[in-house]
Every structure is written in C-alpha cells, then in structure tokens.
Amino acid sequence: MDDRLQVNLDASLQNNFERRMIAEIRRRGVHVLRIHVSGDMYSSEYAMKWVRIARRCPRTSFYGYTRSYRIPEILPVLVELSRQKNVTLWWSVDAETGIPTTVPPNVHLAYLQTTAEDDPGPSDIVFRTRPLRGTPITRIGLSVVCPTENGTHQAENTTCTSCRRCFR
Ligand code: SF4
C-alpha cells in the first residue's frame, strides 16, 4: 500500500474520523463527495461511520462504488447507507463477481468490462478498461457506457459534473 493510502486508512481508524470528515465537508461546502477513489469499505464499523457522516451532511451528495457487498457482516450497513436520501451507492460487478441475484432497491450496478465479450447484463452503467475505450459504443444491451469511456467525441467533452449519472 502506498504512503498516501496508508495515511487515509490510519485516519479512518481514528475515533475522530467522523468529526474531522464532517468538519472538512462543511468547511469546504462540498456539494458532491465520492466515498473512496481507491480502497473500499473494510469493516461494518467503518461503513457505519459513512452512514453517520451522510446523515449529518444532508446538503452533500455522496456516492461510491463497492465490492464489499459480498462480505456478509458489511452488507447490512451498506444497505443502510444506500437508504440515505443523499447517498447513491453502486455495487461494483464484473466477470469475476458475476451479477448479484438480488440487489437492494436503492442500489445500482456498475459493471467493469475488461474484455469485449464481458456481458454487463442488467447493469446500470458500464466502465471499460483503457484498451476497450478505443471502440466507440454508447450502450451494451440496455446498459449505458460511462460517457467518458465510450470512445465517441462525447468522451472528450463530458465530465462527471456535466453527466451526474453516478450521483443525485
Ligand atoms: S461521467 Fe457520468 S457515468 Fe461516468 S463516472 Fe462520471 S458521473 Fe459516472
């Protein structure tokens, strides 16, 4: 693990993590916050911290992608997180995880396509690894390909701020 990620992990383990995060969100007036650019929910206690942070920052839209729905003790907390009005939570799926047979009502599916043959099934959004992005395609079945990765002229002109598909 690189030093920066280790620092973040250490901070998340501290008792004052929630207080510091909430203070930072409010001080900066954060409108949209992605939970984790790298890393994932590593425990139910940590996931619960994000439930409480989201509750105490109702003006901020939170969103995040997670594979930790596969860990039984973390799953209920993730479902609780997904129920928060200001949270959009995505299950990260791919050829290895397969498509979950049941998906909580407020959860969306984000599929990572690593080969052209990967079938995202009913996923809500498809991300593609870099080698696949050269092939223009905006949908795979009914699933929308992330506009920044769809290989069309749209990719150069789209940002998450202009798209907003992943958060409310
Ligand atoms: S561009 Fe849209 S679909 Fe792609 S990551 Fe950003 S918000 Fe999500």
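Only a predicted model underlies this, so the values are computations on that prediction, with no experimental measurement involved.

Criteria and thresholds
- Residues numbered from 1 in each chain as written.
- Predicted model: local features only at pLDDT ≥ 70, side-chain atom pairs only at ≥ 80, totals over all residues.
- Heavy atoms only, no water.
- Helix = DSSP H or I, 4+ residues; strand = E, 2+ residues; numbered from the N terminus.
- Buried < 20%, exposed > 50% of the residue type's maximum accessible area, 1.4 Å probe, protein only.
- Contact = heavy atoms within 4.5 Å.
- Salt bridge = Lys/Arg side-chain N within 4 Å of Asp/Glu carboxyl O.
- Phe/Tyr/Trp six-rings, centres within 6.5 Å; stacked < 30°, edge-to-face > 60°.
- Polar contact = N/O pair within 3.5 Å; in protein donor to acceptor, adjacent residues only side chain to side chain.

S.K.: Before we move on, can you summarise the overall build of the chain with the specific residues and values?
M.R.: Assigned secondary structure in the chain consists of six helices and seven strands. Along the chain, helices and strands appear, N-terminal first, in the series α-α-β-α-β-α-β-β-β-β-β-α-α. Overall, the chain is about 45 × 35 × 35 Å in size when its C-alpha atoms are taken along their principal axes. Looking at the chain residue by residue over its 168 residues, the buried ones come to 42%. Here the contacts in the chain between residues at least 6 apart in sequence split such that 48% fall between residues at least 24 apart.

S.K.: I'd love a proper account of the pattern of salt bridges, names of residues and values included.
M.R.: Under the counting rule described, the total for this entry stands at nine salt bridges. Taking the shortest distance from any N to any O, the salt bridge between Arg-67 and Asp-94 comes out at 2.7 Å. Here Asp-94 lies in strand S3 (residues 87-94) and Arg-67 lies in the loop between strand S2 (61-66) and helix H4 (75-82), a separation of 27 residues in the sequence. Under the relative-accessibility criterion, Asp-94 is labelled buried at 11%. Through salt bridges that share partners, Arg-67, Arg-70, Asp-94 and Glu-96 make up one connected network.

S.K.: Account for the packing of aromatic side chains, with residues named and values stated.
M.R.: Enumeration over the complete set of coordinates arrives at nine aromatic pairs. Where Trp-50 meets Phe-62, the ring centres are 6.3 Å apart and the plane angle is 65 degrees; that geometry is what we call edge-to-face. Taken together, the residues span a long stretch of sequence, with Trp-50 in helix H3 (residues 44-56) and Phe-62 in strand S2 at a distance of 12 residues. Between Tyr-65 and Trp-90 the ring centres are 6.2 Å apart and the planes differ by 40 degrees, which places this aromatic pair in the tilted class. Here Tyr-65, found in strand S2, pairs with Trp-90, found in strand S3; they are 25 residues apart in sequence, far enough to count as distant. Of the aromatic side chains, those joined through ring pairs into one cluster are Phe-17, Tyr-42, Tyr-46, Trp-50 and Phe-62.

S.K.: For the environment of Tyr-111, give the residues involved together with the corresponding values.
M.R.: Along the polypeptide, Tyr-111 turns up in strand S4 (residues 107-113). Separated by 11 residues in the primary sequence, Tyr-111 and Pro-122 place their C-alpha atoms 9.3 Å from one another. Here Ala-95 takes part through its backbone nitrogen, which lies 3.4 Å from a polar atom of the side chain of Tyr-111.

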